[in-house]
Amino acid sequence: MNAGTDRPEAKGPPAFFLAVAILVLLHIGVTCWFSLARYDSLKSHLHDTGLIGQSFWSTTQGRFFVNSVNPEAGRSEYYFGNHFTPIYFLIAPLYWLFPTPKTLLILQSILLGLGAIPVFGLARFIFDNARAGLAFAILYLLHPALWFANLYDFHTEAISGTFILYAILYLEIGAWPQFWIAATLAMACKEQVSLVFFMLGLVLALDPRNRKRGLILSAVSLTVFLVVMTLIIPAFAGTSTHPYVAERYGHLGNSLPQVVWATLTRPLDVAAQLTSGRHLYYLACLLGPLLFLPLGAPLRLAIGLPTFLANVLSAVPITHDIGFYHSASILPGMFWAAMYASGPVLCKLGRWFKKIGPRGWTALLLVNALFWHARTQSAILPGHFPPLSPSAHRTDYDVGEHENLIRELQAQVPEGASLSVQFNLASHFTNRFGLYQFPNRVGDVEYILVDLTEPYRKRPAEYRRFWLEFMIQVKIPRYLEAVRELLRDSRYGLLFSRDGYLLFHKGAVDSTDRDAARQHIEAVGRLWESYTGRGYGVEKRRWDAVRPTMDARIQDD
């Protein structure tokens, strides 16, 4: 541990600094493009871009991070009753200036790309070599977990990794005021990030020179975590404990102490969970892009252990799938450990390393990272790769005439009017207090909007049933029947019927042919019901638990 040493930061040719800056800007530009294209191609979700966008909009209207989406799932209308994210206060002024979810997506791409800068600085300091800094910055920008986090809606958990990396860098160079600023920003991203710093404090306390600092850090971060989990979030949620504890860890207990105790006293169950095929694949996808080097420095790798355990012990499958965003706060510890493990590994390689030299070793790392970037895919979402992978379906990001029609529909639904809307369209209508997922609230809301065109219609036939149900978050028969009932409902007039879209207004007179819409839904129904292959539904878990992922839906995690 170099924390607090007087060793100056390593120097390097300006070309390496320039190269990192160019790569960061390029990464931000590319991920911004894909993220916005995903949004514009109608593939963002009500959970979470929709509900988070609505929470920010309601704050600009004087209501403190309130949303109408979570109450429909039996949760608090206050966002802080689900997650403690005070960093939202820093983002809210930006959203007030640019009140659209695109603001959040752009900000996320920028902050994730900027994480390569502390990675570069950390490796440059540890190895006393700017070339090593550049190599690790590239490895970071290629890591599949970073890309998946960036391209699955907006989540502050994803951006916490950048602040953790800055905190580690400042710890290494002994810049303690900057360390505490970075640590505070990281912990403000989500409640469990505090546990990263709890573990970091324990690692730091092993160094006699920094034992006091480490113990203080652990005490402060653990206190923050316990206060947030047992007092702040339950106060907003109106419950006695964090509402997600029983949902995700009910097989271990219904409260935080019960879950912790069961984890410690049921090691065989925990081991069985950790060694399942999906969990081992998840672990391989995290470590593989770094050539499994982090395993050589277990203490530094351990700072991500609480997040990793929270992910893999959860009964919600998306938390331990590389294709989502839950791994972002694990990456900093992995890269820190990989840097410290590289030296001992190279020493053990001995003559072999002397033959290939530093450049050969760097090339091996980069080729390995490219391999994992190209081949890593989600275990839940079939055929879902990073967008630059040769196996990726880049047609998913196409924006055509159908997708552009959403702007015309936005103009027809007044801002502030209540709306029940299809899951994948909701993030385009967040500027209102009454936003609900179709078919909820039919009869109560002023407007209803559905789309009978598949968002992933260009995917292979064997996956289309899954992707359709995943995007509408309703089983196909139930969805079709809900639309048919709506077309029979005399309370709503059909205002818009074009290219698959159906827009209804309560109390209005039909402005378009309802019979043509009925014929269209029957034709679509025959096509959709003919799809074979698995849909998006029930999945069996260990501990004999069966989790209805369709009914629980993918909530904000």
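Report on the accompanying structure. Since this is a predicted model, take the numbers as computed values, not measurements.

### Topic: helix 2 (residues 46–60)
Since the α-helix packs 3.6 residues into each turn, any two residues three or four apart lie on the same face.
Phase 1: Helix length check: helix 2, at 15 residues, gives a terminal C-alpha distance of 19 Å against a target of 21 Å (1.5 Å per residue), a fit within 8%.
Phase 2: Burial within helix 2 is extensive, with 13 of its 15 residues counted as buried.

### Structural notes on the nonpolar core
Taken as a class, soluble globular proteins show a tendency for nonpolar side chains to be buried jointly.
Phase 1: Tyr88 and Phe197 are the most contacted members of the largest nonpolar core, which has 140 residues in total.
Phase 2: With sequence-adjacent residues up to four places away left out, Phe197 is seen in contact with Ile164, Ala167, Phe179, Ala183, Ala186, Met187, Leu217, Ser218 and Ser221.
Phase 3: With 25 residues, the next largest nonpolar core counts Val450, Val474, Ile476 and Tyr531 among its residues.

### Things to note about the packing of aromatic side chains
Phase 1: As enumerated under the stated definition, the model contains 39 aromatic pairs in all.
Phase 2: Summarising the aromatic geometry, the rings of Phe56 and Tyr88 are spaced 4.6 Å apart at their centres and angled 50° between planes, so their arrangement reads as tilted. Of the two residues, Phe56 sits in helix 2 while Tyr88 sits in helix 3 (residues 88–97), which places them 32 residues apart along the sequence.
Phase 3: Given the relative accessible area of 0%, Phe56 is considered buried.
Phase 4: The exposure class of Tyr88 is buried, given its relative accessible area of 0%.
Phase 5: On the numbers, 5.9 Å between centres and 85° between planes, the contact of Phe80 with Phe89 is edge-to-face.
Phase 6: Assessed through its relative accessible area of 43%, Phe89 is described here as partly exposed.

### Re the side chain of His45
Phase 1: Within the secondary structure layout, His45 lies in the loop between helix 1 (14–40) and helix 2.
Phase 2: Not counting chain neighbours up to four residues away, the residues in contact with His45 comprise Arg38, Gly50, Tyr152, Asp153, Phe423, Ser427, Phe470 and Met471.

### Examining the pairing of strand 5 (residues 501–506)
Phase 1: Here 5 bridges tie strand 3 (residues 447–451) to strand 5, and the two strands are oriented antiparallel to one another. When the sheet's bridge partners are listed, Tyr447 is paired in strand 5 with His505.
Phase 2: One ladder, built from 6 bridges, connects strand 4 (residues 492–498) with strand 5; its direction is antiparallel. Looking at strand 5, one finds that Ser497 is bridged to Leu502.
Phase 3: In this structure, the hairpin formed by strand 4 and strand 5 is closed by a connection of 2 residues, where Asp499 is found at a positive phi of approximately 55°.

### Things to note about the pattern of salt bridges
Phase 1: Tallying each qualifying case throughout the model produces 21 salt bridges.
Phase 2: Close ionic contact of Glu481 with Arg488 constitutes a salt bridge, the shortest N to O distance being 3.1 Å.
Phase 3: Here Arg488 falls in the exposed class, since its relative accessible area comes to 53%.
Phase 4: Among the charged side chains, a network of salt bridges with common partners joins Glu481, Arg484, Arg488 and Glu522.

### Considerations on the state of the cysteines
Phase 1: Within this structure, the stated rule accounts for 0 disulfides.
Phase 2: With no disulfide of its own, Cys32 lies 17 Å from the sulfur of Cys189, the closest cysteine sulfur.

### Points about the environment of Tyr501
Phase 1: Position of Tyr501 among the secondary structure elements: in strand 5.
Phase 2: Note on Tyr501: relative accessible area 0%, which makes it buried.
Phase 3: For the pair Tyr501 and Lys475, spaced 26 residues apart in the sequence, the C-alpha separation amounts to 19 Å.
Phase 4: Among residues more than four places away in sequence, those in contact with Tyr501 are Leu42, His402, Glu403, Leu405, Ile406, Leu409, Leu425, Leu449, Val450, Asp451 and Phe496.
Phase 5: From its side chain, Tyr501 meets the backbone oxygen of His402 in a polar contact 2.8 Å long.

### Observations regarding the sheet that holds strand 5
Phase 1: Read from one edge of the open sheet, 5 strands run 2-1-3-5-4, paired in mixed fashion. The sheet is open, and its two edges are formed by strand 2 (435–437) and strand 4, each paired on a single side. Between one strand axis and the next, the sheet turns by 20° as a mean value, whatever way the strands run.
Phase 2: Most of the contacts of helix 22 (residues 476–488) go to strand 3, to which it runs at about 135°, and overall it touches strand 3, strand 4 and strand 5.

### Some remarks on helix 3
Phase 1: Along helix 3, the residues that are buried comprise Tyr88, Ile91, Ala92 and Tyr95. Projected down its long axis, helix 3 shows its buried positions confined to an angular sector of 115°, all on one face. Residues of helix 3 that are exposed and point more than 90 degrees away from the buried face comprise Leu90, Trp96 and Leu97.

### Considering the layout of surface pockets
Phase 1: Its boundaries defined by the atoms lining it, the largest pocket holds a volume of some 840 Å³.
Phase 2: In this structure, the largest pocket is lined by 32 residues; those nearest its centre are Leu195, Phe225, Leu256, Pro306 and Ala310.
Phase 3: Contributions of two or more residues to the lining of the largest pocket are made by helix 10 (193–205), helix 11 (211–237), helix 12 (243–249), helix 13 (256–265) and helix 17 (305–312).
Phase 4: A total of 6 residues in the lining of the largest pocket trace back to one element, the largest contributor, which is helix 17.

Quick notes on the rules
- Residues numbered from 1 in each chain as written.
- Predicted model: local features only at pLDDT ≥ 70, side-chain atom pairs only at ≥ 80, totals over all residues.
- Heavy atoms only, no water.
- Helix = DSSP H or I, 4+ residues; strand = E, 2+ residues; numbered from the N terminus.
- Expected span 1.5 Å × (residues − 1).
- Buried < 20%, exposed > 50% of the residue type's maximum accessible area, 1.4 Å probe, protein only.
- Core = buried A, V, L, I, M, F, W, Y, C linked by side-chain atoms within 4.5 Å.
- Contact = heavy atoms within 4.5 Å.
- Phe/Tyr/Trp six-rings, centres within 6.5 Å; stacked < 30°, edge-to-face > 60°.
- Pairing = 2+ DSSP bridges.
- Salt bridge = Lys/Arg side-chain N within 4 Å of Asp/Glu carboxyl O.
- Disulfide = S-S within 2.5 Å.
- Polar contact = N/O pair within 3.5 Å; in protein donor to acceptor, adjacent residues only side chain to side chain.
- Axes fitted to C-alpha atoms, helices over the stretch in contact; angles between N-to-C directions.
- Arc of directions from axis to C-beta.
- 1 Å grid on protein atoms, 1.4 Å probe; cavity = no way out; pocket = protein on both sides within 12 Å on 5 of 7 lines; lining within 4 Å.
- Points joined across faces, edges and corners; volume = space filled by probe spheres on them.

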